[in-house]
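Secondary and tertiary structure notes
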Amino acid sequence: MERITLIQHLRRRQNMAEGATGEFTSLMMEILVAAKFVSLQVNNAGLGEDILGLTGRVNIQGEEVQKLDEYANEIFTKLLGNSGLICAITSEEYDKPVIIPPDQAGKYVFTMDPLDGSSNIDVNVSIGTIFSIYRKQSPGNEVTDDDLLQKGSQQVASGYIVYGSSTMFVYTSGEGVHGFTLDPSLGEFFLSHSDIKIPESGTTYSINEGNIETWEEPQKNLVDYMKETDKETQRPYKLRYIGSLVSDFHRTLLKGGIFMYPGDQKNPQGKLRYAFEAAPLAFIVEHAGGKATNGQTRILDIQPSEIHQRTPLFIGSTREVDLVDRFLKK
Ligand code: P6P
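Each chain carries its own residue numbering, running from 1 in the written order of its sequence. Whole-chain, interface and lining totals are the exception, using all residues; otherwise, since this is a predicted model, local features are given only for residues with pLDDT of at least 70 and side-chain atom pairs are given and counted only at 80 or more. As a convention, hydrogens and water are excluded, and side-chain values are obtained from all of the structure's heavy atoms.

1. Some remarks on the domain arrangement of the protein
By convention, interface size is frequently given as the accessible area that disappears when the constituent parts associate. We apply this condition: How far each domain reaches was decided by an automatic or database domain assignment. Contact between two residues is taken to exist if any of their heavy atoms lie within 4.5 Å; hydrogens are not considered. Throughout, the accessible surface (probe 1.4 Å) given up by two parts as they are put together, summed over both, is called the buried area. Salt bridges are counted wherever a side-chain nitrogen of Lys or Arg sits within 4 Å of a carboxyl oxygen of Asp or Glu. Contacts described as polar in this section are N or O atom pairs within 3.5 Å, which, within protein, must combine one atom able to donate a hydrogen with one able to accept it, while residues neighboring in sequence count only if both atoms come from side chains. Where helices and strands are cited, they refer to DSSP runs of H or I of at least four residues and of E of at least two residues respectively, numbered from the N terminus.
Taken domain by domain, the protein comprises domain 1 (6-193) and domain 2 (204-328). Between the C-alpha centres of domain 1 and domain 2 there is a distance of 23 Å. Listed as interface residues are 44 residues of domain 1 and, on the opposing side, 33 residues of domain 2. Around 2,800 Å² of area is buried between domain 1 and domain 2 when both sides are counted, 63% of it from carbon and sulfur atoms. Together, Ile130, Leu149 and Tyr160 form the three largest contributors to the area buried by domain 1 at its contact with domain 2, with a combined 22%. The interface formed by domain 1 and domain 2 contains 1 salt bridge. Between Glu92 and Arg273 there is a salt bridge, with its nearest N and O atoms 3.2 Å apart. Connecting domain 1 to domain 2 are 13 residue pairs in polar contact (both at pLDDT 80 or more). Counting only elements with at least two residues in the side of domain 1 that touches domain 2, the list comes to strand 3 (86-91), strand 5 (108-116), strand 6 (127-135), strand 7 (157-163) and strand 8 (167-172).

Right, here's the structure in full:
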């Protein structure tokens with residue numbers, strides 16, 4: 001098979017895009033370089049440099065900040081912030097948006113969870129970066145909420161990097177979902193999964209059943225249904241839960257099935273963030289032929305009212321997300 005690098009892939013897309021300026025390609029190349037830096041650190045964690053462990057700080061989410069979290073957050077911020085292509089950066093690790101000075105700013109807004117699942121770092125479980133790219137909406141140089149709080153359907157592109165047994169870069173810019181695998185000996189990402197399509201239905205469900213006591217009744221009924229034996233509807237489903245969103249989502253995207261992080265009596269809006277996790281992955285799953293809702297509404301149709309807001313997330317194959325509608329939709 002012809003070995004196509006991510007840069008070649010982006011350039012081919014750019015050449016086919018009417019009126020493309022090359023700015024999007026340049027922006028994606030900055031993300032690509034940051035991903036390589038983080039991959040190097042993640043894969044060397046535990047060897048030599050003291051990059052493992054906690055910083056002793058707690059972020060706005062109330063989560064302990066790992067050194068690798070901070071490293072990833074800083075490297076993406078530096079590379080994207082200095083690219084001249086971005087007017088603002090929002091991050092799960094920053095309380096407030098980073099606004100780029102107008103004389104160094106560009107037309108895109110970059111949103112990221114720099115290292116999701118980082119509590120799994122010291123047990124060698126795959127972790128990941130999740131990102132979204134939006135266009136600046138407001139006129140002039142000032143960055144406003146119209147730029148910082150956009151519906152997921154406004155995304156120009158989204159993607160994730162999974163730092164696992166291999167490092168993979170998966171993205172969509174609205175024309176299919178494409179996966180690239182890092183060849184560490186060359187330091188290049190090569191196309192390995194062209195035009196990914198999620199299976200119409202799957203055989204696994206992914207949820208933290210440890211929270212069952214706080215689930216609402218319809219959620220309990222849905223999971224009980226998935227556990228019943230019924231050959232005609234290929235039940236029972238298998239439970240697969242890694243506790244690292246990028247890994248659980250990547251498996252769901254490639255194999256089918258559903259990932260669920262519902263709201264419950266303790267946290268009606270669930271745990272996951274709309275802008276940093278749900279919206280970018282929903283954009284990907286829809287362009288791969290799947291669905292994503294909050295149990296009532298399509299994720300990409302939700303208008304966020306604050307940067308760190310949370311949302312319940314049901315994401316995966318059409319058949320399984322439709323099943324969620326059947327049990328949960330009011
Ligand atoms: P729980 C990791 O902390 C994370 O944000 C996601 O990567 C993961 O899907 C979820 O939390 C796991 O949460 O409550 O099951 O430990």
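There's plenty left to go through after this.
2. Some words on the sheet that holds strand 7
The criterion, for reference: Whether two strands pair comes down to DSSP finding at least two bridges between them. The convention used is that axes are lines fitted to C-alpha atoms, helices contributing only their stretch in contact, and that angles between N-to-C directions extend from 0 to 180 degrees.
An order of 4-3-5-6-7-8-9-10 is seen for the 8 strands of this open sheet, with the pairing classed as mixed. This sheet does not close on itself; its edge strands, each paired only once, are strand 4 (98-99) and strand 10 (188-193). As paired elements, strand 8 and strand 9 (residues 177-183) share 5 bridges and run antiparallel to each other. Residue pairing for strand 9: Thr172 is matched across the bridge by Val177. Here helix 7 (residues 274-287) sits on the sheet and contacts strand 3, strand 5, strand 6, strand 7, strand 8 and strand 9; the angle it forms with strand 6, its principal contact strand, is near 80 degrees.

3. Examining the site of the ligand
Definition in use: Only a single heavy atom is needed: when it lies within 4 Å of a molecule or strand, its residue is near that molecule or strand. Surface exposure here means Shrake-Rupley accessible area, sampled with a 1.4 Å probe, where a residue is shielded only by the protein chains that are shown. Just so you know the grouping, Ala, Val, Leu, Ile, Met, Phe, Trp, Tyr, Cys and Pro go in nonpolar, Asp, Glu, Lys and Arg go in charged, and all remaining residues, Gly too, go in polar.
Neighbouring the ligand are the residues Asp116, Gly117, Asn208, Tyr241, Gly243, Ser244, Leu245, Phe259, Tyr261, Lys271 and Glu277. Between Asp116 and the ligand, the recorded distance is 2.4 Å, taken from a side-chain N or O atom to an oxygen atom. Between the ligand and Tyr241, the relevant distance is 2.5 Å, taken from an oxygen atom to a side-chain nitrogen or oxygen of the residue. A total of 400 Å² of accessible area belongs to the ligand in isolation, and the protein chains cover 82% of it. Considering only residue class, the shell around the ligand consists of 4 nonpolar, 4 polar and 3 charged.

4. Remarks on the sheet that holds strand 15 (residues 313-316)
Strand pairing in a sheet takes place through backbone hydrogen bonds and is either antiparallel or parallel in direction. Ordered by their spatial adjacency, 5 strands build an open sheet running 12-11-13-15-14, and the pairing between neighbours is mixed. The two strands at the open ends of the sheet, each matched to only one other strand, are strand 12 (238-239) and strand 14 (291-293). With 2 bridges connecting them, strand 11 (residues 204-206) and strand 12 associate as parallel partners. Directly across from Thr204, in strand 12, lies its bridge partner Lys238.

5. Some words on the side chain of Arg235
Tracing the backbone shows Arg235 in the loop between helix 5 (217-227) and strand 12. A distance of 2.9 Å separates a polar atom in the side chain of Arg235 from the backbone oxygen of Tyr225. Side-chain polar atoms of Arg235 contact the side chain of Glu228, separated by 2.7 Å. Aside from chain neighbours lying at most four places away, what touches Arg235 is Tyr225, Met226, Glu228, Thr229 and Asp230.

6. What to know about the packing of aromatic side chains
A ring pair, where both rings are aromatic, is described by two values, the distance of the centres and the angle of the planes. Note the cut-off: Only the six-membered ring of Trp is used, alongside the rings of Phe and Tyr, when aromatic pairs are assigned; centres must lie within 6.5 Å, and planes under 30 degrees apart are stacked while those over 60 apart are edge-to-face, with the rest tilted. Using a 1.4 Å probe on the protein chains alone, a residue whose accessible area is under 20% of its type maximum counts as buried, one over 50% counts as exposed, and one in between counts as partly exposed. Charge over a ring is defined by NZ of Lys or CZ of Arg lying within 6 Å of the ring centre and within 35 degrees of the ring normal.
Summed over the entire model, instances satisfying the criterion amount to 9 aromatic pairs. Consider the rings of Phe169 and Phe189, whose centres lie 5.7 Å apart with planes at 65 degrees: the pair is edge-to-face. Remark: Phe189 occurs in strand 10 and Phe169 occurs in strand 8; sequence separation between them is 20 residues. For the pair Phe169 and Phe189, a shared accessibility class is recorded, and that class is buried. Linked through ring pairs, Phe76, Phe110, Phe131, Phe169, Tyr171, Phe180 and Phe189 together constitute an aromatic cluster. In this structure, Arg235 is placed above the aromatic ring of Tyr225, and the distance from its NZ or CZ to the ring centre is 3.7 Å. The cationic tip of Arg326 hangs over the ring face of Tyr225; the distance from NZ or CZ to the ring centre is 5.3 Å.

7. Here's the deal with the pairing of strand 5
Most of strand 5 sits out of view: 9 of its 9 residues are buried. With 5 bridges joining them, strand 3 and strand 5 adopt parallel strand pairing. The residue of strand 5 that forms the bridge with Ile89 is Phe110. In this sheet, strand 6 lies alongside strand 5 in antiparallel orientation, the contact comprising 7 bridges.

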